[in-house]
Every structure is written in structure tokens, then in C-alpha cells.
Amino acid sequence: MKLAKSLFLGSVAGLAAVAGAQAADLPVKKAAAVEYVRVCSTYGAGFFYIPGTETCLRVSGRVRAEYQYLEPQFREDASIGFRARGRVALDARTATAYGLLRTYIRMEMDRNTGVYASQTGAFAANVSPNIAQAYIQFGGLTAGRSTSFFANGDLPNGNITTLRFYDYPDVNLLAYTFSFGNGFSATLSLEEGSFAGNLLGAGDTASTAGQRWPDLVGNVKYAGTWGSAQLSGALHQSRSTAFDPIDADFLDSELGWAIGAQVGINLPALAAGDALWFAAAYADGALGYLGFGSAVTGVGASGNLRSVPVVDAFVGADGDVETASGWQVAGGLRHYWAPTLRSNLHGSYASVEYDGAAEAGVAVADFDEWRVGVNTFWTPVSGLDIGVEVLYANIDVEGVDLDEDDRWEARFRIQRDF
């Protein structure tokens, strides 16, 4: 037995020696380097280096669940609505010898039912995928889709969606920003003329001609530790397809314009995060820069009047293109009752006039509108908002006796940002 055990151990040792010698003769394959994701702290929290590059990327998003009550005015009107919104944003930044190279994409999709889709359809629903923003910034250049440079994006508006001043849509644009240092800058922007853009002829004959050049928008801005201030201006073209038989030519186009001022002031003496903001604008032939679309809806029951048209211009009784004018003011206050509890009080007033429209037989009317609202949000954990908002709106249409000229609106929102 001892002899057998010795022979077995000797055989194993011999095989191990031979195997070791053969393994020493084989080529050794180098292990692949492990590439770890590096944190990029240059542009703030959440950025990381894309492996193999010097580009920093931040992935963020939002989910919003919202439930709305909108006061009905007709039997067929819905009064409730549900909204589910998903948002994904990609922010890629690279430092270059010419300045910052930034690419930003924000994609959104809504599932809307009830009053969010259409108040007149009790079972209405829609799904709206949307590239809300997509732009490239290189030095001072901005190209793509972004918020109009007429608006000051630094105002502490408190996530408000119910004021005229904040109804500016995102637009396609080509802009350049000149930075002068110490917080001062100026921007020139060519933007699609999607604001209102409507023009009516006598008897409501649609007569809007094709766009020949984009809106020209400019601003001068200051941003500092105390807040920000901006002066804005815009030029907008109105063209008609109406033909003038006397001159044997189409009517001349009219150049509309708008000016605006927006100021935001931080109020840390009241509480951390408190802020006050104010905005005002005047427009002639460019009412979209007051925050209006093609109509003001839900304005009374007299004569089944559901909405009041909003147009930039119309064909007057003399056959010329006449521009509409208007102005608006808006303001708000944000206050933190506690680090996790904040409220926003906000209000706006707007007035629109159509001098000569009645004589031309155009079915538009002067009107005044004012809105006031308040919301309160609780943030139990970072990135999560739970809150309610209540809004009262009133509209006074000249020459129209409305049975109901005011409206209540309320919404409940749960939102997670990450």
C-alpha cells in the first residue's frame, strides 16, 4: 500500500512539472484594461465623461401626473382632465479652444384626456410625442429649437403654466449671443414666426400669405447674484393674399413689432429661495409676443360664444392691412414657508385693440383679460413635488354681453425630476 501511494504521488508531481513547463512556453494574453466611468464636475452635478472621450454628459428626466378641473360653460363641456407626461433630456458638453460646445435634447410625450385634450369632447384623448428642444451651442452660437430669446429664461416663475407671459412656445431659431463680461450679454436671433401669425379679411375671409422672412428678435440682458433683468424686442411680418383691384397688385405687407422688459429679484432676506419677478410687453402687429395664440377660449355663454379670435392684422375698410395692438403686465412672488414647502402667487393683465375692424366687417373685438392664481408645492424628498394650483380668469369683450365672463381652474400635480 505504501508503495502504491508513493507511485501515485510521484506520477502527479511529474505531470504537474510537465504541464508547468508547457504553460511557460505559451504566449501570455494581456488582460483588457477596465475603463471606468469618470465623474465630470466641471458643469455641475450629474455629469460624467462619455467613455473614451472628453465630452461630459448628463441624463435627466421628469414624470408629471396632473389632474385638472376647468369650469364648464356648456352642457357638452367636460370639466375634468388627466395628464401623464414623460420627459427625457440629454445634455452633452465639451470644452474646446473656441469655447463650450454643447448639444441639448429634450423629448416629451403627453397622454392627455378630458379638458387637457379638448373641453368640448367628454371622451377626447390624445398622445403628443414632441421634440420640445434640440439645439447646438458653440461659443455664442445657438442653432436648433429652444425658447424664444424674447423671454427671460432666468425668471423665478415658480413652474407656472397659466399666465399669458409664459405661454411662449419653443421655436426653431438661429441666434448669436455676445457676452460682455460681468453678467452682461446681448442676443440677436432669427426665429420662425409661429406666434399667432393670423390675418383676417372682411367677412372673416382668411387671407394670410406665406412667410417671406423670419422674425428678428433681440435682447440685452444682465444676470447677477441679485437676479436678472432683460430688455427684448421683435419684428414680425404680416402678409396678405388679398388683391387690390385699383393698384392691380397684392396688398403691401405690414411690419409688426413688440418690446418687453422682464426683471427677477432674489429675496434671501425673506427666506432662502424667495424671489420676485415682473414682466411687461407692448405689441403692434405681433400679439404672439404677449403670450397669445390664435384665440382666447372659454369666454362666456352668450350666443354660444366659446372663444375670441386673436389676430396680428386684418384688412381694413380702405383695403389696407391694419395691425392690431395690445399690452400686458405680469408678476409673481415665490416664498418658501420651509425648505420643503413653497408657494407662488402670480397674476397678469392683458388688453388688445383692433382699431377699424368693426368698420371693415371683421369679426374680431377689443378685449381685456386678467388672471390671478396661487400654487403650493411640498417637496418631501429631493426631486419630488406634490402640489395644487388655483386660477381665476376674467375676460371683458367689447360689444358682447357675456352671461359668464369669468372662469375657475384648479389642478393637482405630482412631479418627479431626476
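Residues numbered from 1 in each chain as written. Predicted model: local features only at pLDDT ≥ 70, side-chain atom pairs only at ≥ 80, totals over all residues. Heavy atoms only, no water.

The next subject is the overall build of the protein. Counting secondary structure elements, the protein contains two helices and 24 strands. The 418 residues of the protein split such that 41% are buried. Pairs at least 24 apart in sequence give 61% of the contacts found in the protein among residues at least 6 apart. When the accessible area of the protein is evaluated, it comes to approximately 21,900 Å², of which 61% is carbon and sulfur surface. (Helix = DSSP H or I, 4+ residues; strand = E, 2+ residues; numbered from the N terminus. Buried < 20%, exposed > 50% of the residue type's maximum accessible area, 1.4 Å probe, protein only. Contact = heavy atoms within 4.5 Å. Areas by Shrake-Rupley, 256 points an atom, 1.4 Å probe, with all protein chains shown as cover.)

What follows is about the packing of aromatic side chains. Under the definition given, this model contains 15 aromatic pairs. Here the basic side chain of R38 rests over the ring of Y49, its NZ or CZ set 4.2 Å away from the ring centre. (Phe/Tyr/Trp six-rings, centres within 6.5 Å; stacked < 30°, edge-to-face > 60°. Lys NZ or Arg CZ within 6 Å of the ring centre and 35° of its normal.)

Turning to the nonpolar core, a few remarks are in order. Counting 34 residues, the largest nonpolar core has L287, F292, Y354, F367 and I395 as its most contacted members. Every element with two or more residues in this core is listed here: β7 (170-181), β15 (275-284), β21 (341-353), α2 (357-360) and β23 (384-397). Tallying contributions element by element places β7 first for this core, with three residues. (Core = buried A, V, L, I, M, F, W, Y, C linked by side-chain atoms within 4.5 Å.)

At N182, a position not held by glycine, the phi torsion is positive, near 60°. Examined against the element boundaries, N182 turns out to sit in the loop between β7 and β8 (184-191). N182 sits in the exposed class, given a relative accessible area of 72%.

Here we take up the pattern of salt bridges. Under the definition given, this model contains 16 salt bridges. A salt bridge links D170 to R106; the nearest nitrogen and oxygen atoms lie 3.7 Å apart. Here D170, found in strand β7, pairs with R106, found in strand β4 (residues 99-114); they are 64 residues apart in sequence, far enough to count as distant. Taken as a pair, D170 and R106 share a single burial class, namely buried. Residue D385 pairs with R342 through a salt bridge whose shortest N-O separation is 3.0 Å. (Salt bridge = Lys/Arg side-chain N within 4 Å of Asp/Glu carboxyl O.)

Roughly 160 Å³ of volume is contained in the second largest pocket. Along the walls of the second largest pocket sit R93, L100, R102, Q137, F138, G139, G140, L141, T142 and T177, which together make up its complete lining. For the lining of the second largest pocket, the secondary structure elements donating two or more residues are β4, β5 (125-138) and β6 (141-147). Tallied by class, residues from the lining of the second largest pocket come to three nonpolar, five polar and two charged. (1 Å grid on protein atoms, 1.4 Å probe; cavity = no way out; pocket = protein on both sides within 12 Å on 5 of 7 lines; lining within 4 Å. Points joined across faces, edges and corners; volume = space filled by probe spheres on them. Nonpolar A, V, L, I, M, F, W, Y, C, P; charged D, E, K, R; others polar.)

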